[in-house]
Amino acid sequence: MQFQQLAYFVAVAETRHFTRAAERVHVSQPSLSQQIRALETELGAELFSRARGNIALTEAGEALLPLAQRILADADTARLEVQELARLRRGRVRLGATPSLCTGLLPDILRTFHDMHPGIQLLIEESGSHGLVRELARGALDLALVVLPLPRPSPVLSTVELLREDLVVVSSAAGPAPGHGGTVAVADLRDEPLVMFRHGYDLRELTVAACRAVGFEPSFAVEGGEMDAVLGFVRAGLGVAVVPSMVASRAGRDLRVTPFAPRSRMQRTVALAHRADVAPSRAAREFQKVLLASDLRPAMPPPPTAP
């Protein structure tokens, strides 16, 4: 049984005329009649009574008609849904990102993509790079924004570097500025209580590694927060924190932003990752195009409000 045969059968059933049915489906009348006979042979029953030129449905034809109409309608719905997906009217993008990138980089990118493709569902997963790599590998994400180098490099992942971003020190605008002369050295953090992110944050690993590289273990005033909590603790004067410049640019005027001195410059490399062995969906490829076409340069942080 073929879709074409069902379409011919429905046309005859609805017009009750072989010639008009053939015109409706754009085939010759002999070809339509041949396909109807083949369908009857396949089913083992006559579908039409052809007595004296009058076309009527047999009992078997009456039983088949609603089923054939439903099958053809479902096939048409499937065709339209696939076409809508191909035209990016529907679909989804499962995107992972580190919490700081969700705060600093993603909002504007997501707004741009959503304005271009409002029918595409965006599913966001926040995690550290280690967790995002794991989710990509098991197929739970289409794309992920990660910090390089990856904690566990994987041959099944492909990465595209997006930007290198400076890290800065944020402190309460009501307190003294860290460092000297408007900049801070990593060594200056020896005497500063740090508000530290939870385990699994890439920023935690970067900060601790930088402190150890100059010979000291950092002192934590508060430990274990997410990005918003860390910024809130800094505003309250509990300590200072090392954050990306994109996050600092959005943090508000109640926080002082101090760059690192040139010799102590701290940066992180942000990359877009996806599985190398699986082709991204059309929607994911379009999101990647929007991301790569965007201006990803970090904005300059605002000056702090005077104490």
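All values reported here derive from a predicted model rather than from experimental measurement. (Residues numbered from 1 in each chain as written. Predicted model: local features only at pLDDT ≥ 70, side-chain atom pairs only at ≥ 80, totals over all residues. Heavy atoms only, no water.)

> An account of the confidence of the model for the protein is requested, with residue identities and associated values reported.
Looking at the protein as a whole, its pLDDT mean stands at 89, while 96% of the residues score no less than 70. Within the protein, strand 7 (residues 194-197) carries the highest mean pLDDT (95), whereas helix 5 (residues 99-104) carries the lowest (85). (pLDDT = per-residue confidence, 0-100. Helix = DSSP H or I, 4+ residues; strand = E, 2+ residues; numbered from the N terminus.)

> Break down helix 7 (residues 129-137) for me, with residues and values.
Turning to helix 7, its buried residues are Ser129, Gly131, Leu132, Val133, Glu135 and Leu136. As for helix 7, its buried residues are in contact with strand 3 (92-97), strand 4 (121-126), strand 5 (143-148), strand 6 (157-172), helix 8 (202-213) and strand 11 (267-275). Phi turns positive, to about 85°, at Gly139, one or two residues after helix 7. (Buried < 20%, exposed > 50% of the residue type's maximum accessible area, 1.4 Å probe, protein only. Contact = heavy atoms within 4.5 Å.)

> Talk me through the pairing of strand 5; I want residue IDs and the actual numbers.
Burial analysis of strand 5 places five of its six residues in the buried class, which makes it a mostly covered element. Across three bridges, strand 3 lies against strand 5 in parallel orientation. Bridging from a neighbouring strand, Leu95 pairs with Leu143 of strand 5. Here strand 5 pairs with strand 11 via five bridges, running antiparallel. (Pairing = 2+ DSSP bridges.)

> Before we move on, could you go through helix 1 (residues 3-15) and cite the residues and values that matter?
With 13 residues, helix 1 ought to run about 18 Å at 1.5 Å a step, and its terminal C-alpha atoms sit 18 Å apart, in line with that. On its buried face, helix 1 is in contact with helix 2 (18-25), helix 3 (29-43), strand 1 (48-49), strand 2 (56-57) and helix 4 (59-86). Immediately downstream of helix 1, the backbone of Arg16 shows phi near 55°, a positive value. (Expected span 1.5 Å × (residues − 1).)

> Can you tell me about the side chain of Gln5, naming the residues and giving the values?
Looking at the element boundaries, Gln5 is found in helix 1. Separated by 3.2 Å, the side chains of Gln5 and Gln35 make a polar contact. For Gln5, the contacting residues outside a window of four places in its chain are Gln35, Ile36, Ala38 and Leu39. (Polar contact = N/O pair within 3.5 Å; in protein donor to acceptor, adjacent residues only side chain to side chain.)

> An account of the packing of aromatic side chains is requested, with residue identities and associated values reported.
A complete count under the given rule lists four aromatic pairs for this structure. Seen from their ring centres, Phe9 and Phe48 are 5.4 Å apart, and the 45° between their planes marks the pair as tilted. Taken together, the residues Phe9 in helix 1 and Phe48 in strand 1 connect sequence positions 39 residues apart. Look at Phe48 and you get buried, because its relative accessible area is 1%. Residues Phe197 and Tyr201 carry aromatic rings whose centres are separated by 4.6 Å and whose planes lie at 10° to one another, so their mutual orientation is stacked. Both residues of the pair, Phe197 and Tyr201, count as buried. (Phe/Tyr/Trp six-rings, centres within 6.5 Å; stacked < 30°, edge-to-face > 60°.)

> Describe the nonpolar core, and please don't skip the residues or the numbers.
Grouped together as the largest cluster of nonpolar side chains are 31 residues, with contacts concentrated most on Val170, Leu189, Phe197, Met227, Leu231, Val243 and Phe260. Going through the elements one at a time, strand 6, strand 7, helix 8, helix 9 (227-235), strand 9 (241-244), helix 10 (245-249) and strand 10 (255-259) are the ones with two or more residues in this core. Sequence-distant contacts of Val170, defined by excluding residues within four places in its chain, comprise Leu231, Val234, Val240, Ala241, Val243, Ala248, Arg256 and Val257. In terms of nonpolar packing, the next biggest core, distinct from the first, is built from 25 residues, Ile109, Leu110, Leu143 and Leu145 among them. (Core = buried A, V, L, I, M, F, W, Y, C linked by side-chain atoms within 4.5 Å.)

> Lay out the environment of Pro99 in plain terms, naming residues and giving numbers.
Position of Pro99 relative to the elements: it lies in helix 5. Separated by 153 residues in the primary sequence, Pro99 and Gly252 place their C-alpha atoms 18 Å from one another. Residue contacts for Pro99: discarding those within four places in its chain leaves Glu126, Ser127, Arg198, Tyr201 and Glu226.

> With reference to specific residues and values, describe the pairing of strand 11.
Counted residue by residue, strand 11 has seven buried out of nine residues, so it is predominantly covered. As paired strands, strand 6 and strand 11 are joined by nine bridges and run antiparallel to one another. Its bridge partner being in strand 11, Thr159 is matched across the sheet by Ala273.

> Describe in detail the pattern of salt bridges, supporting the description with residues and values.
Here the structure, examined in full by the defined rule, presents 17 salt bridges. For the salt bridge of Arg79 with Asp76, the shortest nitrogen-to-oxygen distance reads 2.3 Å. Taken together, the residues Arg79 and Asp76, both in helix 4 and three residues apart, mark about one turn of the helix. For the salt bridge of Glu223 with Arg204, the shortest nitrogen-to-oxygen distance reads 2.4 Å. One end of the pair, Glu223, is in strand 8 (residues 220-225); the other, Arg204, is in helix 8, and 19 residues separate them in sequence. (Salt bridge = Lys/Arg side-chain N within 4 Å of Asp/Glu carboxyl O.)

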